[in-house]
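For reference, the chains in residue letters:
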Amino acid sequence: MSAQPDLSPIIVTDAACDLPPADLNDYAIHVAPLRILFGEESFRSGIDMTHEMFYDRLARGDVHPSTSQPTVPDFIELYRSLAQHNRPILSIHLSEGLSGTVNVARQAAQALEGQPITVHDSGTLAPALGLQVLTAARAARASYTVEQIVPLLRLAHEHGDLFFTVEDLSYLHRGGRIGGVRYQIGQVLHIKPIVTVSKTGDKAGTYIQAGRTRSLPKAIDSFIEQIKERVGEGGTLRAISVYGDDPRLAQRLNERLAETFNCVYLEMVPTAPVLGVHVGPGALGVGYIAGDWPV
């Protein structure tokens, strides 16, 4: 008898996914690079430019960086390289409301008609995207099919969230993420928005304000309270904290998370360089999903 084909998918994401390197390696998660542009210079986030290299270059202040999504040929090259494994591909990406990456992935998948590729919009980014990707990777390791994994991703999005804030609003302002009036008021009054990604309505998949704080240390209290409202004190939680160039507040945030919830998965990573373009060095955030791993 011939061996049954392996229907568990290979997992692909993009460089806006915040996950510990150990998880990316352990689960063989493939990452499509997003690019950071310093003037005419182009770097692949996390490949040509590491977290440390990015903040060193940013500190020079000579050129304000911008970002660029992968191209259709980038995705075609990646998908073709994975075809040798004779397995389906599940490609999970940051929200369409924040980047054209997921649409580029769809175009590449359509160009490779003979290759079974499913492209999924996570509706979010950063550590919240990371937790969805890890959910998919764990399920794929347990021999779940794409058709079985996609509903798990939708549930993860429904029961999870992302909160972050920044020390310097100018990075969000330059990237067009907040308007000029809100930027000016925030800078003068030292008010920092707590930002999340909307799940419903016309703004679904885009940034909205979920509160405000006077400082990054005070943001920790807001993060904890908002998660408590959704999960309940002592509730089971999977979470990843992220930071810009200083891990100390993220360490304190994880201590509070561990004290307040039953954390079955709790990690901390520097945010991806390509996301650092929009939040700057003074950033703090958390992505979480309520409940234990489904697989």
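The structure we're discussing is the one just above.
### A short note on the overall build of the protein chain
In terms of regular secondary structure, the protein chain is built from eleven helices and 13 strands. In terms of overall dimensions, the protein chain is globule-like: its C-alpha atoms have a radius of gyration of 19 Å, near the 19 Å expected for 295 residues. Out of the 295 residues in the protein chain, the part that is buried amounts to 52%. In the protein chain, of all internal contacts separated by at least 6 residues, the share reaching a separation of at least 24 is 76%.

### A few points about the packing of helix α9 (residues 216-231) against helix α10 (residues 248-260)
How two helices sit against one another is set out by the angle between their axes and by the gap between those axes. Closest axis-to-axis distance for the α9/α10 pair is 10 Å, and the angle between their directions is 30°. For the element pair α9 / α10, the angle class is roughly parallel. In this structure, α9 crosses over α10, and the sense of that crossing is right-handed. Packed against α9, whose contacting residues are Leu216, Pro217, Ile220, Asp221, Phe223, Ile224, Ile227 and Lys228, the element α10 presents Leu249, Arg252, Leu253, Arg256, Leu257 and Thr260 at the interface.

### Looking at the sheet that holds strand β6 (residues 89-93)
Overall, parallel pairing links the four strands, which are arranged β2-β1-β6-β7 in an open sheet. In the strand order of this sheet, the two ends are held by β2 (30-32) and β7 (117-121), each with one partner. Shown here is a sheet whose adjacent strand axes are inclined to one another by a mean of 25°, direction ignored. Across five bridges, β6 lies against β7 in parallel orientation. Across the sheet, residue Leu90 finds its bridge partner in β7, namely Thr118. Contacts between helix α4 (residues 101-111) and the sheet are confined to β1 (10-14), β6 and β7, with β7 contributing the most and set at about 165° to the helix.

### So, the sheet that holds strand β5 (residues 66-68)
Pairing in this open sheet of three strands is antiparallel, and the strands run β4-β3-β5 from one edge to the other. Two strands close off the open sheet at either side, each with one partner strand: β4 (41-44) and β5. Within the sheet, the average angular offset between the axes of one strand and its neighbour, ignoring direction, is 30°. In this structure, strand β3 (residues 35-38) lies alongside β4, joined through four bridges in antiparallel fashion. Counterpart to Leu37 in the pairing with β4 is Ser42. Its contacts with the sheet put helix α2 (residues 51-60) on β3 and β4, and the angle it makes with β3 is roughly 25°.

### Considerations on the nonpolar core
Across soluble globular proteins, you tend to see nonpolar side chains buried next to one another. By size, the foremost hydrophobic cluster in this structure holds 57 residues, and its most contacted members are Ile11, Leu19 and Leu90. Ranked by residue count, the leading element in this core is helix α5 (residues 126-141), at ten residues. Setting aside anything within four residues of it in sequence, one finds Leu19 in contact with Leu24, Ile29, Gly130, Val133, Leu134, Ile240, Tyr265 and Val269. The next biggest cluster of nonpolar side chains, apart from the first, holds 20 residues, and it includes Ile220, Ile224, Tyr243 and Leu284.

### Topic: the side chain of Ser95
Residue position: Ser95 is located in the loop between β6 and α4. Under the relative-accessibility criterion, Ser95 is labelled buried at 1%.

### Side note on the packing of aromatic side chains
With the rule as written, the count across this model stands at eight aromatic pairs. Between Phe164 and Tyr207 the ring centres are 5.5 Å apart and the planes differ by 70°, which places this aromatic pair in the edge-to-face class. Note that Phe164 is positioned in strand β8 (residues 160-166) and Tyr207 in strand β10 (residues 207-213), a separation of 43 residues in sequence. Taken together, a centroid distance of 5.4 Å and an interplanar angle of 75° make the contact between Tyr265 and Trp293 edge-to-face. A residue pair is termed long-range when its members are at least 10 positions apart, and Tyr265 in strand β12 (residues 262-270) and Trp293 in the segment after β13 (283-290) qualify at 28 residues. The residues Tyr265 and Trp293 share a single accessibility class, namely buried. Following the ring pairs from residue to residue traces out a cluster consisting of Phe38, Phe43, Phe54 and Tyr55. A cation over a ring is seen here: Arg141 above Tyr27, with NZ or CZ 4.2 Å from the ring centre.

The rules we used
- Counting starts from 1 at the beginning of each chain's written sequence and moves along it residue by residue.
- In keeping with the predicted nature of the model, local features appear solely for residues at pLDDT of at least 70, side-chain atom pairs appear and are counted solely at 80 or more, and the whole-chain, interface and lining totals rest on all residues.
- Water and hydrogen atoms were dropped before computing side-chain values, which therefore reflect all heavy atoms in the structure.
- Only runs of H or I of at least four residues qualify as helices and only runs of E of at least two qualify as strands under DSSP, and these elements are numbered from the N terminus.
- In this treatment the radius of gyration is a C-alpha quantity, and the globule benchmark scales as 2.2 Å times the residue count to the 0.38 power.
- For every residue, the accessible area (1.4 Å probe, protein chains only) is compared with the maximum for its type, and the residue is labelled buried under 20%, exposed over 50%, or partly exposed between those bounds.
- Any two residues whose heavy atoms approach within 4.5 Å are treated as being in contact.
- Where helices are involved, their axes are fitted lines through C-alpha atoms of the stretch in contact, as for all axes, and angles between N-to-C directions lie from 0 to 180°.
- In this scheme, roughly parallel covers angles under 35 degrees and roughly antiparallel covers those over 145, while 65 to 115 is roughly perpendicular and the rest are oblique.
- Handedness of each helix crossing follows the sense of rotation of the near helix against the far helix: counterclockwise by less than a right angle gives left-handed, clockwise gives right-handed.
- At least two bridges found by DSSP between two strands is the condition for calling them paired.
- Buried Ala, Val, Leu, Ile, Met, Phe, Trp, Tyr and Cys residues that are joined via side-chain atoms within 4.5 Å together make up what is termed a nonpolar core.
- Between rings of Phe, Tyr and Trp, where Trp is taken as its six-membered ring, a pair exists when centres lie within 6.5 Å; planes separated by under 30 degrees are stacked, by over 60 edge-to-face, and by other angles tilted.
- We call a charge positioned above a ring when the Lys NZ or Arg CZ atom is no farther than 6 Å from the ring centre and deviates by at most 35 degrees from the ring normal.

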